[in-house]
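# Structural description and commentary
One-letter residues, chain by chain:
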Amino acid sequence: MLEFIQLLKQRYQAVLAQQGNENVKTSYQQRIDQLILAEAFIRKGQLIEASQPLLHMAVVGPTQAGKSSLSNVLLNSSAAGVSPLAGYTIHPQGFCNGISVADCTGLQRYFGRFQQLQQTQLSKDRHDCYSLTQNPTDSGLLPYGVLWDTPDFDSIDSATYREGVIRSIALADMVILVVSKEKYADQSVWDIMAAVEELHQPTIICLNKLVEGSESIIIQSLQEKWRQARTDEFPEVVSLYYQKPGGLPVWPESRQQLLKQLANHVKHDKHPRFEQELLKRHWQTWLAPVFAEHQALNDWAELVDLMLKQAMESYQRDYLNHPHHYETFQLAMTELLNLMEIPGLARILAGTRKILTWPVRQIMKLGRKRLHIADSSYEIALLNQIAEHTLIQLADKLMDKADQSQQGQWWRQVNSVLRSQRPDLLQDFGLAAKNYHLSFQQDVDSAAHRLYYKLQEQPVVLNSLRATRATADAAVIALTLQMGGIGLHDLVIAPAMLTLTSLLAESAVGSHMHKVETELKQNQFNTVKQVLFVDSLRNKLLQLPEQLSMATHFNISPDQLRAAESQLTEKRHGLRLL
Ligand SMILES: Nc1nc2c(ncn2[C@@H]2O[C@H](COP(=O)(O)OP(=O)(O)O)[C@@H](O)[C@H]2O)c(=O)[nH]1
Ligand SMILES: [Mg+2]
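My aim in this report is to walk through the structure given alongside it, one point at a time.

With mixed pairing, the 8 strands of this open sheet are ordered in space as β3-β4-β2-β5-β1-β6-β7-β8. Either end of the sheet is taken by a strand with one partner, and the two such strands are β3 (115-117) and β8 (236-241). Adjacent strand axes in the sheet meet at a mean angle of 25°, parallel and antiparallel pairs treated alike. Contacts from helix α3 (residues 67-75) reach β1 (56-60), β2 (93-97), β5 (145-149), β6 (174-180) and β7 (203-210), with the element oriented near 155° to β5.

This next bit is on the site of ligand 1. In the vicinity of ligand 1 lie 22 residues, with G66, K67, S68, S69 and P84 positioned nearest. Broken down by secondary-structure element, the contributors of at least two residues to the shell around ligand 1 are α3 and β7. Take the shell around ligand 1: its biggest share by element is 3 residues, from α3. Here the shell around ligand 1 is composed, by residue class, of 7 nonpolar, 11 polar and 4 charged.

A word on the environment of A263. Within the element layout of this structure, A263 appears in helix α8 (residues 258-263). Note on A263: 17 C-beta atoms within 10 Å, which makes it partly exposed. Leaving out residues up to four positions away in the same chain, A263 has contacts with L55, P143 and M174.

Moving on to the packing of helix α9 (residues 271-320) against helix α21 (residues 558-569). One way to put it is that α9 packs onto α21 with a least axis distance of 12 Å and a crossing angle of 165°. Between α9 and α21, the angle falls in the class roughly antiparallel. The handedness of the crossing between α9 and α21 comes out as left-handed. Across the interface between the two elements, L279, K280, W283, V290 and H294 of α9 pack against P558, L561 and L568 of α21. Here the residues of the contact of α9 with α21 sort into 6 nonpolar, 1 polar and 1 charged.

The rules behind each value
Residues numbered from 1 in each chain as written. Chains lettered and ligands numbered in written order. Predicted model: local features only at pLDDT ≥ 70, side-chain atom pairs only at ≥ 80, totals over all residues. Pairing = 2+ DSSP bridges. Helix = DSSP H or I, 4+ residues; strand = E, 2+ residues; numbered from the N terminus. Axes fitted to C-alpha atoms, helices over the stretch in contact; angles between N-to-C directions. Contact = placed C-beta atoms within 7 Å. Near = placed C-beta within 6 Å. Nonpolar A, V, L, I, M, F, W, Y, C, P; charged D, E, K, R; others polar. Buried ≥ 20, exposed ≤ 12 C-beta atoms within 10 Å, placed from the backbone. Parallel < 35°, antiparallel > 145°, perpendicular 65-115°, else oblique. Left-handed = near helix turned anticlockwise from the far one by under 90°.

Structure below.
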């Protein structure tokens, strides 16, 4: 799941960079933040599983609210850097309170590409790092664990170090939200609080920089804000009064135990459930553009299938069932003539016997003569024409889709991929058609043999055929065809061939001949469909969307999505959920 969320996040980042529409940009940026949060929360789950979990506490809030100042109060030190300048803290800074830095195993793994540095090594030029420092003193206010002073999320520069904020919030088992009287109503504060609700972190709000008297109105308004952003209970508020001389907030006497009590509400064992809830909650939104692409893929497959169905119909109408165009059976008849050994022609035919009997491996060796048959084939010319026509029609339909569909961009790009691939597709199809035609001669040959065996059972018919002039003439035509003297299609209209065919049809083997012809056609239909329209054209067409620009599309395959979704519904940690 972690890998999938990372992949999705990367795809969003890539697509966002190319996106021109401001509204789309904003919602994609929001999803990227959610994905960073989810990714971090999954890593947090791994951290909990890998070692004895420590308690992590995050001090979060808008800039200048006094997060670093409050961290110092809670740590009873001056470890966290405080400044009157906004955006002073820009890295997550952890302070080990009552535990040692060495106890924090697995933290580097949690932070992934973020590097752990000494606090003094943190630099303005680099945001993907964090520090972990031993706190030398103890205020007694904090439970043992790591207190994280975090960067703000609202200053102008905060976009550049936002990931650090999100990562430290997702790491936290409990959250200390610091707001000042100036900043508590800012939308950015409540956006963040809404975004982390599914993390189920026990939370307190510290209302800093208060002046006497303003407290109750602000708390009321805070409550309002909380209710708008969250569905869980309004947390404890700690009022911190502005202390001019010290420049530090003062933690009230009456709340000394508050944070330790809050720690009791941390439920590490529920993390897997929370994690799953978080993913489920956002899944549909995050994957909306991926679903839309998959829908487009389905539509594309349907469109391709429809076009190919029409193509097969043309092939059937204009070739297989066309009385003037169907030449394959005539070719079987020429093979039959050879088998019949027409007197007088036997010797000449013997020379071509090798050509007429048909081991496929010999195809290439046979060379020119057979290719001549393929070249002169009306069937091949027609098939190529149908393929060309199909691609033109597809391009038209793609244009329609581009205009009508919400995924217009997707269809436009498929169209341009199709345009650039069209010559190759047609060339491949042409080659496949030629190969089909050559190897189908085996079937033609076996149809001829079946007819010949039947004729042998009817010596009277066989002998009378051998004796007719028409048969001899037809045999000459067949021979001429083999020698390249005429084209295959001439067979269909050669009077001698027609006479031969009708002689056979009217003879005792007539019905058998029709049966052989019908089976040959059926077999031909299936072979052309599979070899040319499915294996060659359909498969290549369906793969075209894989070549869409990665920069503007998610290109997450239905299989990848299915695998991730099965993990989502899988009862992981089943025992721990109980
Ligand atoms: N006088 C006084 N100044 C405070 C108090 N809390 C914060 N400040 C000042 O507010 C500014 C911002 O504080 P800082 O802790 O750096 O805020 P952060 O950006 O949230 O970390 C600094 O100049 C602090 O000295 C307080 O309670 N009293
Ligand atoms: Mg700070």
